[in-house]
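Residue-level structure breakdown
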Amino acid sequence: MSDKPWIKIYNEVDSDCILGNKAGLSTLRDAIDYTLDNRIYSVEENFQADFKSIILVDKNWQQPKPEKLPLWQSALLVIILSVWAGFLPIYALWSLF
């Protein structure tokens, strides 16, 4: 069995597991510790994996993004587009004469 460190996260057989040999899992643990101190770790240079880097982020990945603009922004957008849609034909006709 190879002692070269390897990790596999995306796999068909065990889709809810992180697979790796002992050297790979130990290297992953050290990489996570490094990331906690330095915010980013490049995996490609240090062990074989199916991902490229480990990055520390402060926002919640499960928090949904707002899909709608706030009411005041929506109203402002409608007003601006209405003024533009009314002004553009008037300007086009004025520039013809």
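What comes next concerns the included structure. Keep in mind that what you see is a predicted model, and the values were worked out from it rather than measured.

A count of helices and strands for the chain gives 2 helices and 5 strands. N-terminal to C-terminal, the α/β element order of the chain is β-β-α-β-β-β-α. Computed over C-alpha atoms, the radius of gyration of the chain comes to 27 Å, more than 25% over the 13 Å expected from 2.2 N^0.38 for 97 residues, which places it beyond the range of a compact globule. Taken over the C-alpha atoms alone, the chain extends approximately 85 × 30 × 30 Å along its principal axes. Taken over 97 residues, the chain has a buried fraction of 13%.

Taken together, the 3 strands give an open sheet; going across it, the order is β2-β1-β4, and neighbouring strands pair in mixed fashion. Edge positions in the sheet fall to β2 (19-20) and β4 (48-49), since each has one partner strand and no second. Where strand β1 (residues 6-8) meets β2, 2 bridges bridge the pair, whose relative direction is antiparallel. Bridge assignment links Ile7 to a residue of β2, and that residue is Gly20.

On to the packing of aromatic side chains, then. Per the stated rule, a full pass over the model turns up 4 aromatic pairs. When the centroid spacing of 5.5 Å and the interplanar angle of 65° are considered together, the rings of Tyr34 and Tyr41 count as edge-to-face. Assessed through its relative accessible area of 41%, Tyr34 is described here as partly exposed. With 6.2 Å between their ring centres and 40° between their planes, Tyr91 and Trp94 make a pair best called tilted. Here Trp94 and Tyr91 lie together in helix α2 (residues 71-96), a separation of 3 residues that amounts to about one turn. One aromatic cluster is present, formed by Phe87, Tyr91 and Trp94 through successive ring pairs.

To continue, consider the environment of Asn38. Mapped onto the elements, Asn38 comes out in helix α1 (residues 22-38). The partly exposed category is assigned to Asn38, whose relative accessible area is 38%. Residues Asn38 and Ile55 lie 17 residues apart in sequence; the distance between their C-alpha atoms is 9.0 Å.

This next bit is on α1. If you check α1, its first and last C-alpha atoms are 24 Å apart, about what 17 residues at 1.5 Å a residue would give, namely 24 Å. Those residues of α1 that are buried lie in contact with β1, β3 (40-42) and β5 (53-55). Just downstream of α1 lies Arg39, where phi reads positive at about 75°.

About the thresholds
- Sequence order as written defines residue numbering, which begins from 1 separately in each chain.
- Totals for whole chains, interfaces and linings use all residues, but because this is a predicted model, local features are given only for residues with pLDDT of at least 70 and pairs of side-chain atoms are given and counted only at 80 or more.
- To obtain the side-chain values, all non-hydrogen atoms of the structure were used and water was disregarded.
- Strands here mean DSSP runs of E at least two residues long; helices mean DSSP runs of H or I at least four residues long; both are numbered from the N terminus.
- Each radius of gyration reported is based on C-alpha atoms, and the globular scaling rule is 2.2 Å times the count of residues to the power 0.38.
- Burial classes follow relative accessibility: with a 1.4 Å probe on protein chains only, a residue under 20% of its type's maximum area counts as buried, one over 50% as exposed, and anything between as partly exposed.
- At least two bridges found by DSSP between two strands is the condition for calling them paired.
- Two rings from Phe, Tyr or Trp (for Trp, the six-membered ring) form a pair when their centres sit within 6.5 Å of each other. Planes less than 30 degrees apart are called stacked, planes more than 60 degrees apart edge-to-face, and all others tilted.
- Here the expected length of a helix is defined as 1.5 Å per residue gap, with one fewer gap than residues.
- Any two residues whose heavy atoms approach within 4.5 Å are treated as being in contact.

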